[in-house]
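# Analysis of the macromolecular model
Residues per chain, in single letters:
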Amino acid sequence: MKISVLRLEEKIQQEDECCLGRADSAEKWTSDRTESMKVGRALLRRAAYRFLLREIMTAFPGLEKEYGGCRLLTDRGLAGSGDESSVIPFMKDVLGKPYLPGHPEILFNLSHSRNGYAAVVVSDSAEASAVGIDIEARFPYRELLARKICSESENRLLLEASSADEKKRLLNLFWSRKEAILKCEGTGIRQDLRLVDTFRFSRNCELHEEMNEAYTLVTCVKIIRKTGEEGKRPDLS
């Protein structure tokens, strides 16, 4: 399994100078700040998918001939339509999870954060049946958010936290764990997050976590296990 993180602005600068030109001229297309922001989001989304495709082709070199020269977003998409359906070659299932048509053996997932990071996970392991990933910019502890997303056991841990910094750390972890788990399941956030207990999720799921000053990163891998084997439980330390 390969997990990679990239700052999207670096991706645009290094590989797609034309995108910078489009971004710089966004105000020429419209005086509407909302529309200009949509253009910027489309550019970052394009860079994220290019990053994902590069990582997939690195893991599966045979795909270079098939996808090496493909365009990931149409000009119309870059002009601010924000239409993710124009992403090529990725398709999305009925619940919105991306996949590569004709390559069910390639497991991957993508996430990008509001502070400009993208994270991808790619796996060809015979023991894995699905993967999900979430990267989020670090955010402050918010009591209202905690009440909306935390299960009883998670709320109990927050109440027992020794400091404000610890409560912040835990809430960031809980959010990213839930999103990674649901993306691995293929559903995304379509349910009450309080019902997703990060201490009682499927025993066939393993979590891999990283946290620094910029972001929280959680990857969830669903493992095909023999009867009696247990999954790797989350570590709160």
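Residues numbered from 1 in each chain as written. Predicted model: local features only at pLDDT ≥ 70, side-chain atom pairs only at ≥ 80, totals over all residues. Heavy atoms only, no water.

### Side note on the overall build of the protein chain
To be explicit about the condition: Secondary structure elements are defined from DSSP: runs of H or I of at least 4 residues count as helices, runs of E of at least 2 residues count as strands, and each element is numbered from the N terminus. Any two residues whose heavy atoms approach within 4.5 Å are treated as being in contact. For every accessible area listed, the method is Shrake-Rupley and the probe measures 1.4 Å; residues are considered covered only by the protein chains on display.
In terms of regular secondary structure, the protein chain is built from 9 helices and 8 strands. Long-range contacts, defined here as pairs at least 24 residues apart, represent 64% of the contacts in the protein chain between residues at least 6 apart. Put simply, the protein chain shows about 12,400 Å² of open surface, and 50% of that area lies on carbon and sulfur atoms.

### Notes on the pattern of salt bridges
Definition in use: Any carboxyl oxygen of Asp or Glu that lies within 4 Å of a side-chain nitrogen of Lys or Arg is treated as forming a salt bridge with it. Exposure is judged per residue with a 1.4 Å probe applied to protein chains only, and the accessible area is read against the type maximum: over 50% gives exposed, under 20% gives buried, and values in between give partly exposed.
Enumeration over the complete set of coordinates arrives at 7 salt bridges. Among the salt bridges present, the one from glutamate 185 reaches lysine 222, with a minimum N-O distance of 3.0 Å. Residue glutamate 185 is located in helix α9 (residues 164–185), and its partner lysine 222 is located in strand β8 (residues 215–223); the two are separated by 37 residues in the primary sequence. Given the relative accessible area of 38%, glutamate 185 is considered partly exposed. A cluster of three or more residues bridged by salt bridges with shared partners is formed by Lys2, Arg54 and Glu55.

### A word on the environment of asparagine 115
With respect to the helices and strands, asparagine 115 occurs in the loop between β4 (107–112) and β5 (117–123). Of the residues examined, asparagine 115 reaches a relative accessible area of 22% and is grouped as partly exposed. For the pair asparagine 115 and glutamate 136, spaced 21 residues apart in sequence, the C-alpha separation works out to 8.2 Å. Once residues lying within four places of it in the same chain are set aside, the contact partners of asparagine 115 are Arg7, Ala137 and Ala214.

### Let's talk about the packing of aromatic side chains
Test applied: For this analysis, a ring pair means two rings from Phe, Tyr or Trp (six-membered ring only for Trp) whose centres lie within 6.5 Å, classed as stacked if their planes differ by under 30 degrees, edge-to-face if by over 60, and tilted for the remaining angles.
Under the defined criterion, the tally for this structure stands at 4 aromatic pairs. Ring plane angle 55° and centroid distance 5.5 Å describe the contact between phenylalanine 90 and phenylalanine 108, whose orientation is recorded as tilted. Here phenylalanine 90 is found in the loop between α6 (75–81) and β2 (91–92), whereas its partner phenylalanine 108 is found in strand β4, with 18 residues between them in sequence. Pair check on accessibility: phenylalanine 90 and phenylalanine 108 agree, each one buried. Seen in terms of ring centroids, phenylalanine 174 and phenylalanine 199 are 6.1 Å apart; in terms of plane orientation they differ by 75°. Their pairing is edge-to-face. Of this pair, phenylalanine 174 sits in helix α9 while phenylalanine 199 sits in the loop between α9 and β7 (205–211); the two residues are 25 residues apart in sequence, bridging distant segments of the chain. The class of phenylalanine 174 is buried, set by a relative accessible area of 0%.

### Observations concerning the confidence of the model for the protein chain
Stated formally: Confidence scores labelled pLDDT are given residue by residue by the predictor and lie between 0 and 100.
Per-residue confidence for the protein chain averages 81 on the pLDDT scale, and 74% of its residues sit at or above 70. Highest mean pLDDT in the protein chain belongs to β5 (96); lowest belongs to α6 (43). Overall, residues 16–29 carries pLDDT values under 50, and its contacts beyond four positions in sequence, including any with other chains, amount to 20 contacts. In this model residues 74–85 is a low-confidence stretch, pLDDT under 50, and it forms 26 contacts with partners more than four residues away in sequence or in other chains.

### Some details on the pairing of β4
The criterion, for reference: Pairing between strands is defined by DSSP: at least two bridges between them are needed.
Among the 6 residues that make up β4, 5 are buried, leaving the element largely enclosed by the rest of the structure. Pairing analysis gives 6 bridges linking β4 to β5, with the strands arranged antiparallel. Residue leucine 107 lies in a different strand from β5, and its bridge partner there is serine 123. Linkage of β4 to β5, two consecutive antiparallel strands, is achieved through a turn of 4 residues, within which glycine 116 is found at a positive phi near 90°.

### A closer look at the pairing of β5
Summarising burial for β5: 7 of the 7 residues are buried, a large majority. Of the two faces of β5, both are covered, the one formed by Tyr117, Ala119, Val121 and Ser123 as well as the one formed by Ala118, Val120 and Val122.

### Here's the deal with the packing of helix α8 (residues 152–159) against α9
So the rule is basically this: Helix axes are fitted only over the stretch in contact, all axes being lines through C-alpha atoms; the angle between N-to-C directions runs from 0 to 180 degrees. Geometric relationships in this document are graded by angle, where less than 35 degrees denotes roughly parallel, more than 145 denotes roughly antiparallel, 65 to 115 denotes roughly perpendicular, and other angles denote oblique. Crossing handedness follows the turn of the near helix against the far one: under a right angle anticlockwise gives a left-handed crossing, and clockwise gives a right-handed one. When residues are grouped by polarity, Ala, Val, Leu, Ile, Met, Phe, Trp, Tyr, Cys and Pro land in nonpolar, Asp, Glu, Lys and Arg in charged, and all others, Gly among them, in polar.
Their axes nearest at 9 Å, the elements α8 and α9 cross at an angle of 160°. One element, α8, and the other, α9, form an angle in the roughly antiparallel class. With respect to the hand of their crossing, α8 and α9 are arranged in right-handed fashion. Within the contact between the two elements, α8 uses Glu154, Leu157 and Leu158 and α9 uses Lys167, Leu170, Leu171, Phe174 and Lys178. Looking at the contact of α8 with α9, its residues break down into 5 nonpolar, no polar and 3 charged.

### A word on the state of the cysteines
What counts here: Disulfides are defined as pairs of cysteine sulfur atoms found within 2.5 Å of each other.
This model, assessed by the stated rule, comprises 0 disulfides. There is no disulfide at cysteine 205, and the cysteine sulfur nearest it, in cysteine 220, is 3.8 Å away.

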